[in-house]
Amino acid sequence: LALRNHLMRPFLLLFLLFPVLELFVFVKVVGAIGFFPALLLIILGSMFGIFVLRVAGLATALRARESLNRGELPAQTMLEGLMLALAGGLLILPGFISDVVGLIMLLPVTRRLLANKMRQRAEEQAIRQRAFADDLQPRGGPSPREPLGREPNVIEGEFEHRDSK
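Residues numbered from 1 in each chain as written. Predicted model: local features only at pLDDT ≥ 70, side-chain atom pairs only at ≥ 80, totals over all residues. Heavy atoms only, no water.

1. Description of the overall build of the chain
- Helices and strands together make up the secondary structure of the chain, namely five helices and zero strands.
- Taken from N to C terminus, the helices and strands of the chain fall in the order α-α-α-α-α.
- Burial status across the chain gives 20% buried among its 165 residues.
- Sequence-distant contacts in the chain: of pairs separated by 6 or more residues, those separated by 24 or more amount to 56%.
- Counting only carbon and sulfur atoms, one obtains 68% of the accessible surface of the chain, whose full area is about 13400 Å². (Helix = DSSP H or I, 4+ residues; strand = E, 2+ residues; numbered from the N terminus. Buried < 20%, exposed > 50% of the residue type's maximum accessible area, 1.4 Å probe, protein only. Contact = heavy atoms within 4.5 Å. Areas by Shrake-Rupley, 256 points an atom, 1.4 Å probe, with all protein chains shown as cover.)

2. With respect to a nonpolar patch on the surface
- Taken together, F35, F36, L39, L40, I43, L44 and M47 make up a surface patch of nonpolar side chains, about 690 Å² in accessible area.
- If you trace the backbone, I43 turns up in helix α2 (residues 35-69).
- Under the relative-accessibility criterion, I43 is labelled partly exposed at 41%. (Patch = residues over 30% accessible without salt bridge, like charges linked within 9 Å, V, L, I, M, F, W, Y side chains within 5 Å. Salt bridge = Lys/Arg side-chain N within 4 Å of Asp/Glu carboxyl O.)

3. Remarks on the packing of aromatic side chains
- Taken as a whole, this structure holds four aromatic pairs when the rule is applied.
- Between F26 and F35, the aromatic rings sit 6.2 Å apart at their centres with planes inclined by 85°, giving edge-to-face as the arrangement.
- What makes F26 buried here is its relative accessible area of 18%.
- Ring centres 5.2 Å apart and planes at 80° place the aromatic pair F35 and F36 in the edge-to-face group.
- Residue F36 is classed as exposed on the basis of its relative accessible area of 64%. (Phe/Tyr/Trp six-rings, centres within 6.5 Å; stacked < 30°, edge-to-face > 60°.)

4. Things to note about α2
- Here α2 is 35 residues long and its end C-alpha atoms lie 51 Å apart, about the 51 Å a rise of 1.5 Å per residue gives.
- Regarding α2, the residues found buried are A38, I42, G45, S46, G49, V52, A56, T60, A64 and S67.
- Where α2 ends, the next residue or the one after it, G71, has phi of about 85°, a positive value. (Expected span 1.5 Å × (residues − 1).)

5. Here we look at the packing of helix α3 (residues 75-92) against helix α4 (residues 96-106)
- Orientation of α3 relative to α4, taken along the N-to-C sense of each, is 155°, at an axis distance of 7 Å. Classified by the angle between their axes, α3 and α4 sit roughly antiparallel to one another. Here α3 and α4 pass one another in a crossing that is left-handed. Judged by residue contacts, M83, L84, L86, A87, L90 and L91 of α3 engage S98, D99, V101, G102, L103, M105 and L106 from α4.
- In terms of residue class, the contact of α3 with α4 is built from ten nonpolar, two polar and one charged. (Axes fitted to C-alpha atoms, helices over the stretch in contact; angles between N-to-C directions. Parallel < 35°, antiparallel > 145°, perpendicular 65-115°, else oblique. Left-handed = near helix turned anticlockwise from the far one by under 90°. Nonpolar A, V, L, I, M, F, W, Y, C, P; charged D, E, K, R; others polar.)

Without other data, these values stay purely geometric and don't point to any function.
What follows is the structure, encoded as structure tokens:
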């Protein structure tokens, strides 16, 4: 619990500071180009974010279907689609910092790198959870997927191999 609280503090700080930073950058941009051009850029960025979200969802679904038709699991496709959705969400947020981060995430190279990083972290987490579950399981006892007192579903029988010659 202490570790969780320790990890949450930076996110809380970011959550509180981010709007202040966005407002600071907005004021600087207004000073440079004027209020209405800055406001127009914010509105155009949000409209582009909505467009990205609509297109990203459809494109991700189509790529996932193609992967499934080839017999592959569409994990990478789904993660890249998630990155596109996150980029669209950042573009929708009013502010120049979120727009720049969203635009960077739209780049295929950045999106692929972030998706790979997420996949690696998920795989490491799964390995840690599996190792932890194995440590908790008593040796020779039922597996975590089998309730206590129940035998696994096993069908016993005999078979004979016949050639069709």
